[in-house]
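# Per-entry structural report
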Amino acid sequence: MAQSKNPLLDPKKQSPATRMVHGGTDRSHHGETSEALYLTSGFTYDSSEAARLRFKGDTEGHIYSRFSNPTVEMFQNRMALLEGGDAARGTATGMAAVTTALMSLVQAGDHVVASRALFGGCRYVVEDFLPRWGVSSTLVDGRDPKNFEAAMRDNTKAIFVESPTNPTIELVDLEAVGKIAKAHGAKFVVDNVFATPIYQSPLELGADLVVYSATKHIDGQGRCLGGVIVGDQELIEGDVHTIIRQTGPSMSPFNAWVMLKGLETLGLRVEKMAQNAAAVADMLANHPKVERVYYAGHPSHAQYELAQKQMTGGSNMLAFDVKGKQADAYAVADHLALIKISNNLGDAKSIITHPATTTHQRLEEADRAELGISEKLLRLSVGLEAEEDLLSDLQFALDQI
Ligand SMILES: *Cc1c(COP(=O)(O)O)cnc(C)c1O
């Protein structure tokens with residue numbers, strides 16, 4: 001009988017859905033089915049000489065879980081395979097991923113360009129935090145790539161965007177902005193939380209680094225905080241790794257284990273959530289009490305063509321303006337039974353937020369207006385409940401205004 005190697009032993013030959021289940025698994029000598037949880041801060045050495053060689057980098061192996069850990073490594077390798085990157089690093093939170101990614105690219109005297117529609121913490125890092133350390137920043141309307149081009153300076157080292165954005169689901173043309181970054185010798189960093197790895201692959205569209213809050217869809221069940229940075233080997237194993245190793249925004253092995261298990265069902269969950277979201281968006285778009293719906297998968301979206309080009313689905317995040325005032329938006333949220341008022345997203349449980357008075361409260365009124373965050377805007381993270389129950393819940397709440 002001919003002896004040949006099954007090509008599927010090579011993860012690169014596996015489909016993304018398969019990589020989410022098997023990618024990065026590193027079994028111990030016990031041959032456990034599920035990924036092992038190495039809940040350890042440190043590692044032992046057979047001898048002083050072995051320790052010396054390990055520290056010198058002459059032998060492979062872990063030293064301390066701030067630098068690396070076998071469970072965290074499995075999560076990183078699974079994410080790298082899923083995103084089509086060479087390498088990844090897990091972090092304690094999504095904000096640790098964003099901050100580490102940006103800090104790895106700049107130093108005092110440099111400049112960063114970012115889209116102005118950003119998650120609250122991301123905007124704080126770019127607008128307030130980096131300037132404290134001598135890194136200036138320019139925020140632009142991300143919907144038109146020309147705005148990025150116009151903001152580029154000789155010392156611009158990074159462009160940072162989210163697409164779709166929080167909360168008004170604005171899109172950035174990733175391919176076009178990636179080209180602008182490249183032409184200016186800047187690195188392009190994309191926060192891909194809202195699209196999820198299921199519906200958008202920024203590295204394929206020209207990003208150098210993609211970051212996630214794994215707290216969101218990757219856990220997807222409201223348990224753990226986490227983040228991840230994926231990209232090319234030089235960036236990840238160079239400055240990104242050094243910052244994590246030396247400053248310590250490291251991912252806990254326990255959280256990495258939860259995220260590994262989350263990835264196994266990510267595709268199933270997100271696809272069902274997106275199906276629900278499409279049905280909800282349709283219902284809201286035709287509802288007399290709703291003024292406007294923002295959903296990347298709905299033809300009424302202002303950048304629907306771009307969404308079709310760079311995303312493979314609308315994902316589970318949407319927003320809508322109710323007709324009326326803040327009190328009406330509050331009344332809708334307050335009359336829901338299943339959909340919970342909370343500021344998280346990407347969870348199995350559907351979640352509604354009033355951004356103007358919660359996640360975006362910190363912004364000036366004028367900045368909120370610029371971003372389209374009105375007093376009657378509600379952001380909805382659609383979950384895994386039965387579609388008909390979600391529609392009834394919203395229908396009931398809208399009937400109360
Ligand atoms: C939640 C979120 C973050 C921050 O992630 P944490 O895990 O909460 O630190 C960053 N970007 C986006 C788009 C997010 O939704």
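Residues numbered from 1 in each chain as written. Predicted model: local features only at pLDDT ≥ 70, side-chain atom pairs only at ≥ 80, totals over all residues. Heavy atoms only, no water.

## A short note on the overall build of the protein
What the protein contains, in helices and strands, is 14 helices and twelve strands. Since a compact globule built from 401 residues should have a radius of gyration of about 21 Å, the 22 Å found for the protein is in line with a globular shape. Across its three principal directions, the C-alpha atoms of the protein cover 75 × 55 × 40 Å. Across the 401 residues of the protein, 54% fall into the buried class. Total accessible area on the protein is roughly 17,700 Å²; 51% of this is exposed by carbon and sulfur atoms. Here the protein holds 38 positive side-chain charges and 50 negative ones, and the gap between their average locations is 2 Å. (Helix = DSSP H or I, 4+ residues; strand = E, 2+ residues; numbered from the N terminus. Rg over C-alpha atoms; globule rule 2.2 N^0.38 Å. Buried < 20%, exposed > 50% of the residue type's maximum accessible area, 1.4 Å probe, protein only. Areas by Shrake-Rupley, 256 points an atom, 1.4 Å probe, with all protein chains shown as cover. Lys, Arg positive; Asp, Glu negative; His and termini not counted. Charge placed at Lys NZ, Arg CZ, Asp CG, Glu CD.)

## Notes on the packing of helix H4 (residues 94-103) against helix H5 (residues 120-132)
Between H4 and H5, the least distance of the axes is 10 Å, while the angle of their chain directions is 40°. One finds that H4 runs oblique with respect to H5. The way H4 lies across H5 gives a crossing that is right-handed. In contact with Met95, Val98, Thr99, Leu102 and Met103 of H4, H5 contributes Gly121, Cys122, Val125, Val126, Phe129 and Leu130. Per-class residue counts for the contact of H4 with H5 are nine nonpolar, two polar and no charged. (Axes fitted to C-alpha atoms, helices over the stretch in contact; angles between N-to-C directions. Parallel < 35°, antiparallel > 145°, perpendicular 65-115°, else oblique. Left-handed = near helix turned anticlockwise from the far one by under 90°. Contact = heavy atoms within 4.5 Å. Nonpolar A, V, L, I, M, F, W, Y, C, P; charged D, E, K, R; others polar.)

## Focus on the UniProt feature "modified residue: N6-(pyridoxal phosphate)lysine" (unreviewed entry) in the protein
Sequence positions flagged by UniProt for "modified residue: N6-(pyridoxal phosphate)lysine" (unreviewed entry) are, in local numbering, Lys216. Positionally, Lys216 belongs in the loop between strand S6 (209-213) and strand S7 (227-231). (UniProt positions renumbered as here; feature names shortened; annotations may be inferred.)

## So, helix H12 (residues 326-334)
Those residues of H12 not exposed but buried are Ala329, Ala331, Val332 and Ala333. Buried positions along H12 lie against strand S9 (317-322), strand S10 (340-341), strand S11 (351-353), strand S12 (377-381) and helix H14 (387-399).

## Overview of the site of the ligand
The ligand sits among 14 residues. The nearest are Gly94, Asp191, Ser213, Thr215 and Lys216. Here Gly94 contributes a backbone N or O atom positioned 2.8 Å from an oxygen atom of the ligand. One of the side-chain nitrogen or oxygen atoms of Thr215 is found 2.6 Å away from an oxygen atom of the ligand. Protein coverage of the free-state accessible area of the ligand, which is 380 Å², stands at 92%. Residues of the shell around the ligand, tallied by class, amount to six nonpolar, five polar and three charged. (Near = heavy atom within 4 Å. Polar contact = N/O pair within 3.5 Å; in protein donor to acceptor, adjacent residues only side chain to side chain.)

## Focus on a nonpolar patch on the surface
On the surface, a nonpolar cluster with roughly 270 Å² of combined accessible area is contributed by Leu37, Leu39 and Phe254. Note on placement: Leu37 falls in the loop between helix H1 (16-22) and helix H2 (48-56). For Leu37, a relative accessible area of 32% translates into the label partly exposed. (Patch = residues over 30% accessible without salt bridge, like charges linked within 9 Å, V, L, I, M, F, W, Y side chains within 5 Å. Salt bridge = Lys/Arg side-chain N within 4 Å of Asp/Glu carboxyl O.)

## Notes on the domain arrangement of the protein
For the protein, the assigned domains are domain 1 (11-264) and domain 2 (267-399). Between the C-alpha centres of domain 1 and domain 2 the distance comes to 27 Å. The interface is formed by 39 residues belonging to domain 1 together with 39 residues belonging to domain 2. Interface area, domain 1 with domain 2, both sides summed: about 3,100 Å², of which 55% is carbon and sulfur. Area buried by domain 1 at its contact with domain 2 is led by Leu171, Tyr199 and His217, which between them contribute 24% of it. Our count for the contact surface shared by domain 1 and domain 2 stands at four salt bridges. (Domains from an automatic or database assignment. Buried area = accessible area lost by both parts, 1.4 Å probe.)

## What to know about the sheet that holds strand S8 (residues 290-294)
Ordered by their spatial adjacency, five strands build an open sheet running S8-S9-S12-S11-S10, and the pairing between neighbours is mixed. Edge positions in the sheet fall to S8 and S10, since each of these pairs with one other strand and no more. Inspection of the sheet shows S9 paired to S12 by five bridges, in the antiparallel sense. In the sheet register, Leu318 faces S12, and the bridge partner there is Leu380. In the packing of helix H10 (residues 253-285) onto the sheet, contacts are made with S8, S9 and S12, and the angle to S9 comes to roughly 15°. (Pairing = 2+ DSSP bridges.)

## A few points about the nonpolar core
Ranked by internal contacts, the top residues of the largest apolar core, which has 68 residues, are Phe75, Met79, Ile159, Leu318 and Phe320. With 13 residues, H10 is the largest single contributor of residues to this core. Among residues more than four places away in sequence, those in contact with Phe320 are Leu284, Val290, Arg292, Val293, Tyr294, Ile352, Lys376, Leu377, Leu378, Leu380 and Leu394. Counting residues in hydrophobic clusters, the runner-up holds 25 residues, among them Val126, Ala158, Phe160 and Ile229. (Core = buried A, V, L, I, M, F, W, Y, C linked by side-chain atoms within 4.5 Å.)

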